[in-house]
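The residues making up each chain are set out below.
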Amino acid sequence: MSQSLADNVLTGMAPLSQPGARVLVLGSMPGAASLAQQQYYAHPRNLFWPVMAELAGFSAALPYDEKVQALTGAGVALWDVIGSCRRAGSLDSAIRDEQVNDFAGFFAAQPQLAAIGFNGAKALQSFKRHVLPLHIVPPQLQLLSLPSTSPAHAALSFNDKLQQWHQLSAYLR
């Protein structure tokens, strides 16, 4: 029996961060592969880890836990705007009934954040719609729109995406 969209409620993952993070990278909601493995950007064709490996100076071939350690050690926190939603499949365009994560708590715990990088248009759109109106975003935070690293966003090459993601370099340790 197939599951209806109304029954397909998804819950995201906890943030990955260390004290003193300088930049927060936000996706929209983890895809099916990431949720199944409970690992951010687990789809093998997603370019997130290769891009961040280039920027932060680690190998994208490392085991997941070591990549996370290298990323957070470089001052990067990782999370998603949406904490729960309804969605069939993995596409952002299928997201419905989104509920955002607790950003007030996150910002309070990470006062040294200087920037938020949005991995794709849906992440930025959801943040602007649901988080900015709450007036909890510290005024010093730079909001950086970045091209999606998803394999569904194939309009840009790896090098084109990497060039735009270089905006984060100024915030890395």
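In this report, the structure presented in the accompanying data block is examined.

Thresholds, definitions, all that
Residues numbered from 1 in each chain as written. Predicted model: local features only at pLDDT ≥ 70, side-chain atom pairs only at ≥ 80, totals over all residues. Heavy atoms only, no water. Core = buried A, V, L, I, M, F, W, Y, C linked by side-chain atoms within 4.5 Å. Buried < 20%, exposed > 50% of the residue type's maximum accessible area, 1.4 Å probe, protein only. Helix = DSSP H or I, 4+ residues; strand = E, 2+ residues; numbered from the N terminus. Contact = heavy atoms within 4.5 Å. 1 Å grid on protein atoms, 1.4 Å probe; cavity = no way out; pocket = protein on both sides within 12 Å on 5 of 7 lines; lining within 4 Å. Points joined across faces, edges and corners; volume = space filled by probe spheres on them.

### Description of the nonpolar core
- Leu24, Phe107 and Phe127 are the most contacted members of the largest nonpolar core, which has 50 residues in total.
- Tallying contributions element by element places helix 2 (residues 48–56) first for this core, with six residues.
- In this structure phenylalanine 127 touches Leu26, Val81, Phe103, Phe107, Ile116, Phe118, Leu132, Val137 and Leu143, once residues within four positions along its chain are discounted.

### Some details on unusual backbone geometry
- Of note, the phi angle at tyrosine 41 is positive, near 55°, even though the residue is not glycine.
- Note on placement: tyrosine 41 falls in the loop between helix 1 (32–37) and helix 2.
- For tyrosine 41, a relative accessible area of 14% corresponds to the buried category.
- In this structure, aspartate 97 is a non-glycine residue whose phi angle is positive, near 50°.
- Its place among the elements puts aspartate 97 in strand 5 (residues 96–100).
- When its relative accessible area of 52% is taken as the criterion, aspartate 97 is described as exposed.

### Concerning the layout of surface pockets
- Its volume calculated, the largest pocket comes out at about 540 Å³.
- Elements with a minimum of two residues in the lining of the largest pocket: helix 1 and helix 5 (121–130).
- Per-element accounting of the lining of the largest pocket gives the leading share, three residues, to helix 1.

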